[in-house]
There are 2 protein chains.
Amino acid sequence: MRIAVVGLGLIGGSLLRAFAAAGHEVTGFDVDPATRDLARAAGFRVGDSAAAAVAGTAVAVLAVPLPHLPAVLAELVDYPGLLTDVTSVKGPVRDLTEGRRFVGGHPMAGTESSGFAAADPELFTGCVWVLCVEPHGTDLDDWMVLARLYTALGARVLPITAAEHDNAVASISHVPHLLAAALAMKVGSPLNAALAAGSFRDGTRVAATRAELIAAMCGGNANEVGNELRHVINDLEALVRDLELPDPATALLPYLGRAGELRRTWPPQPGVPGRIPWPPEAPPGRPWLAAPAHTLLELGRAGGWVTSVDDVGLATMRP
Amino acid sequence: MRIAVVGLGLIGGSLLRAFAAAGHEVTGFDVDPATRDLARAAGFRVGDSAAAAVAGTAVAVLAVPLPHLPAVLAELVDYPGLLTDVTSVKGPVRDLTEGRRFVGGHPMAGTESSGFAAADPELFTGCVWVLCVEPHGTDLDDWMVLARLYTALGARVLPITAAEHDNAVASISHVPHLLAAALAMKVGSPLNAALAAGSFRDGTRVAATRAELIAAMCGGNANEVGNELRHVINDLEALVRDLELPDPATALLPYLGRAGELRRTWPPQPGVPGRIPWPPEAPPGRPWLAAPAHTLLELGRAGGWVTSVDDVGLATMRP
């Protein structure tokens with residue numbers, strides 16, 4: 001398949017490499033001339049504009065930060081192919097792409113590194129790749145095209161609405177970045193820096209991510225992140241009260257016990273394989289559109305994912 | 001040297017193995033009969049009581065959790081050798097051991113694993129090992145004995161007072177465990193569990209530590225941990241306010257930029273090697289005791305550490 005990747009940072013660059021390794025014909029573009037040169041030096045076809053890069057392709061992945069997405073979408077207003085993105089907030093993207101041939105996506109992959117130099121074609125192996133399904137807004141044939149592409153790269157494709165995605169990632173991805181930043185602030189003194197060890201190292205790893213990326217991610221999902229952060233603050237205030245009791249260790253124990261149990265049973269293990277026949281029996285006018293969407297959403301809400309797509313259906317897995 | 005290790009969990013078991021590998025004659029003890037059997041099966045001499053294990057040794061390391069320390073100290077009230085501990089809070093231990101031949105210690109090592117089965121003789125290589133120095137309370141000859149033992153295991157021995165230690169570890173070790181627990185609470189739903197990825201994995205790693213250990217650690221340092229947690233809550237409340245502004249991404253940027261800078265320049269790199277002559281010129285009555293203590297404390301407060309001890313002095317390193 002002919003595929004374009006616009007934006008060649010860590011995710012876009014890794015995707016360019018992964019698609020090429022899977023035998024697709026890929027073209028890339030990045031606004032940064034030095035990044036374009038890097039990609040060309042690595043042997044890739046790179047256009048001189050986003051429009052030039054996507055010309056003649058069937059799928060274009062927009063791997064640019066959320067603040068740059070409106071400009072790229074405007075530049076590609078006449079693109080007849082299927083558009084998707086990789087940004088970590090999906091509600092604003094759903095609104096931006098109203099009326100376009102677009103399916104929102106979000107690979108739950110990444111490291112604290114940035115840029116094409118850190119690109120890794122194996123980055124998506126085993127990662128969860130959210131592909132948004134809106135019961136009355138998503139063209140499921142387009143959805144299937146992307147699900148087939150990404151599962152072939154080894155990703156677990158999880159169908160969910162933009163709103164449910166944004167709520168979930170606020171708590172398990174965006175808030176963790178803010179907690180990591182608050183913790184990183186603690187090594188301002190030489191003694192603290194010297195004594196900081198494993199719990200600090202791991203708890204702050206993602207604080208080293210480029211500040212602009214964290215700010216765009218949390219800022220783009222500000223309502224949900226604010227709500228989830230308030231919940232965390234409430235929990236921490238309860239812990240402060242426990243610490244003020246005569247026997248703080250005993251007071252802390254139930255909360256710490258529950259948290260430890262949740263962490264030790266995570267990640268959920270693959271459990272029950274399944275199949276969703278595809279395409280469904282499609283009467284004229286495609287009135288089936290909403291029902292299959294709900295079949296997919298029911299899978300995603302249960303924490304399940306699509307493992308592969310073929311001409312007669314989807315192979316699925318649930319924890 | 002003949003050394004006893006009382007308490008054969010992760011730290012004590014690793015220490016037993018590390019001392020044995022360094023050629024010391026070691027004896028161990030644990031209150032748990034199954035752990036004693038494990039250690040015996042691994043080829044170690046294991047006593048049937050703490051008193052039996054320490055008999056005839058020059059140094060006894062008490063590697064039991066803080067709540068068990070008073071009972072072990074009472075059992076070893078007639079022990080003539082040098083006692084030390086490995087617990088993560090030093091003020092209460094200083095108070096408990098008033099008048100005893102004791103130097104408090106805390107290796108900044110550990111994993112989310114527990115127990116003798118997870119013991120690793122390499123656990124202390126490169127780790128910071130706090131050895132407490134109180135200007136008018138620490139016998140520095142005893143301090144040197146331990147500094148020589150631990151640096152020989154590859155640890156960086158850092159001299160600091162119990163109070164300064166407890167304040168520092170509250171912010172860079174104890175609070176991180178509580179933040180990890182608050183974050184781990186977020187994977188209660190199947191969707192959240194499925195979407196949680198790298199930032200969640202690393203941010204919650206230490207939440208899998210045994211709840212009793214975290215509770216004892218934070219409960220034993222409750223005042224400092226409560227204060228530091230309140231500072232973190234203040235920072236998070238400021239971030240919530242940033243998220244409510246019209247342009248949250250721009251509002252978040254300075255804080256995230258500063259946090260990222262601190263994290264990227266951590267850990268501090270070894271920089272300036274030095275030497276402290278030892279023993280100092282010692283007039284009768286040892287009036288030098290306080291001055292050398294301050295020399296050591298000045299090193300620790302600057303984030304520096306002792307790299308080795310020989311008969312004429314200490315080799316040191318500062319970041």
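Bear in mind that the values here come from a model prediction, so they are computed numbers and not experimental data.

All right, on to the packing of aromatic side chains then. Tallying each qualifying case throughout the model produces 10 aromatic pairs over all chains. Taking 6.4 Å as the distance between ring centres and 85 degrees as the angle between the ring planes, the aromatic pair formed by A:Phe44 and A:Phe116 counts as edge-to-face. Taken as a pair, A:Phe44 in the loop between α2 (33–41) and β3 (45–46) and A:Phe116 in the loop between β7 (105–107) and β8 (128–132) lie far apart in primary sequence, 72 residues in all. Their ring planes at 50 degrees and their centres at 5.2 Å tell us that B:Phe124 and B:Trp129 sit as a pair that is tilted. Here a set of aromatic residues connected by ring pairs shows up, and it is made of A:Phe19, A:Phe124, A:Trp129 and A:Tyr150.

This next bit is on the relation of the copies chain B and chain A. Rotating chain B by 180 degrees and moving it 0.0 Å along the rotation axis overlays it on chain A with an RMSD of 0.0 Å. The superposition operator between the copies reduces to a two-fold rotation axis. Rotation axis and chain B: the residue whose C-alpha lies nearest the axis is B:Gly203, separated from it by 2.2 Å.

All right, on to the domain arrangement of chain A then. Residues and elements named next belong to chain A. Looking at the assigned domains, one finds that chain A contains domain 1 (2–162 + 269–318) and domain 2 (165–264). Centre-to-centre separation of domain 1 and domain 2, based on C-alpha positions: 30 Å. Approximately 1,100 Å² of surface area, both sides summed, lies buried where domain 1 meets domain 2, with 58% of it carried by carbon and sulfur atoms. On the surface where domain 1 and domain 2 come into contact, there are 0 salt bridges. Here domain 1 and domain 2 share 7 residue pairs in polar contact (both at pLDDT 80 or more) between them. When grouped by side-chain class, the residues that make up the side of domain 1 that touches domain 2 number 9 nonpolar, 6 polar and 2 charged.

All names here are of chain B. Most of strand β9 (residues 156–160) is tucked away, with 4 of its 5 residues classed as buried. With 5 bridges connecting them, strand β8 (residues 128–132) and β9 associate as parallel partners. Within the sheet, the bridge partner assigned to Val130 lies in β9 and is Leu158. Between the parallel elements β8 and β9, the chain passes through helix α6 (residues 140–152) in a crossover that is right-handed.

All names here are of chain B. Taken together, 6 strands build an open sheet; the order of strands is β3-β2-β1-β4-β5-β6 and the sheet is parallel. Across the chains shown, the open sheet's two edge strands, defined by having one partner strand only, are β3 (45–46) and β6 (102–103). The pairing of strand β1 (residues 2–6) with strand β4 (residues 59–62) spans 4 bridges and is parallel. Bridging from a neighbouring strand, Val6 pairs with Leu62 of β4. Against the sheet, α6 makes contact with β1, β4, β5 (82–85) and β6, and its axis sits at roughly 60 degrees relative to β5, the strand it touches most.

Now for the sheet that holds β3(A). All names here are of chain A. Taken in spatial order, the 6 strands make up an open sheet running β3-β2-β1-β4-β5-β6, and their pairing is parallel. A single partner strand is all that each edge strand has here, and the edge strands are β3 and β6 (102–103). Sheet analysis places strand β2 (residues 25–29) next to β3, joined by 2 bridges and oriented parallel. In the sheet register, Gly28 faces β3, and the bridge partner there is Val46. Strands in contact with helix α1 (residues 10–21) are β1 (2–6), β2 and β4 (59–62); relative to β2, the strand with the most contacts, it is inclined by about 165 degrees.

Residue and element names in this part refer to chain A. Within the secondary structure, Val77 sits in the loop between α4 (69–75) and β5 (82–85). Using a relative accessible area of 52% as the deciding quantity, one classes Val77 as exposed. Remark: the alpha-carbon pair of Val77 and Arg100, spanning 23 residues in sequence, is separated by 8.5 Å.

On to the pattern of salt bridges. Pairing is possible between side chains that carry opposite charge, provided their charged atoms lie close to one another. Scanning the model with the defined rule gives 34 salt bridges over all chains in all. We note a salt bridge from A:Arg94 to A:Asp95, for which the minimum N-O separation is 3.1 Å. A residue is classified by how much of its surface remains accessible, and A:Arg94, at 34% relative accessible area, is partly exposed. In this structure A:Asp95 comes out as partly exposed when scored by relative accessible area, which is 49%. Measuring nitrogen to oxygen at the nearest pair gives 2.9 Å for the salt bridge that ties B:Asp48 to B:Arg40. By relative accessible area, which is 32% here, B:Arg40 ends up partly exposed. What you see here is one network of salt bridges that share partners, running through A:Arg2, A:Glu25 and A:Arg45.

The rules behind these values
Counting starts from 1 at the beginning of each chain's written sequence and moves along it residue by residue. As they are written, the chains are lettered A onward and the ligands numbered 1 onward, keeping that order. Residue-level local features of this predicted model are given only where pLDDT is at least 70; pairs of side-chain atoms are given and counted only at 80 or more, and the full residue set underlies all totals for whole chains, interfaces and linings. Excluded from the side-chain calculation are hydrogens and water; included are all heavy atoms of the structure. The aromatic pairing rule takes the rings of Phe, Tyr and Trp, using the six-membered ring of Trp, and pairs them if the centres are within 6.5 Å, calling planes under 30 degrees apart stacked, those over 60 edge-to-face and the rest tilted. Numbered from the N terminus, helices here are DSSP runs of H or I no shorter than four residues, and strands are runs of E no shorter than two. A least-squares superposition brings the copies together, and it is based on the C-alpha atoms of residues with pLDDT no lower than 70 in both. An automatic or database domain assignment provides the domain bounds reported here. Accessible area that two parts lose when put together, with a 1.4 Å probe and added across both, is what the buried area reports. Salt-bridge detection follows one rule: a side-chain nitrogen of Lys or Arg within 4 Å of a carboxyl oxygen of Asp or Glu. Whenever two N or O atoms come within 3.5 Å, that pair is a polar contact, provided that in protein one can donate a hydrogen and the other can accept it, and provided that, for residues adjacent in sequence, both atoms are side-chain atoms. Residues are grouped as follows: nonpolar covers Ala, Val, Leu, Ile, Met, Phe, Trp, Tyr, Cys and Pro; charged covers Asp, Glu, Lys and Arg; every other residue, Gly included, is treated as polar. Exposure is judged per residue with a 1.4 Å probe applied to protein chains only, and the accessible area is read against the type maximum: over 50% gives exposed, under 20% gives buried, and values in between give partly exposed. For two strands to be treated as a pair, DSSP must find no fewer than two bridges joining them. If you view a crossover with the strands going away from you and the path from the first strand over the helix to the second runs clockwise, you call it right-handed. We call two residues in contact when some of their heavy atoms are within 4.5 Å. Orientation is described by axes fitted as lines to C-alpha atoms, over the contacting stretch for helices, and by angles from 0 to 180 degrees between their N-to-C directions.

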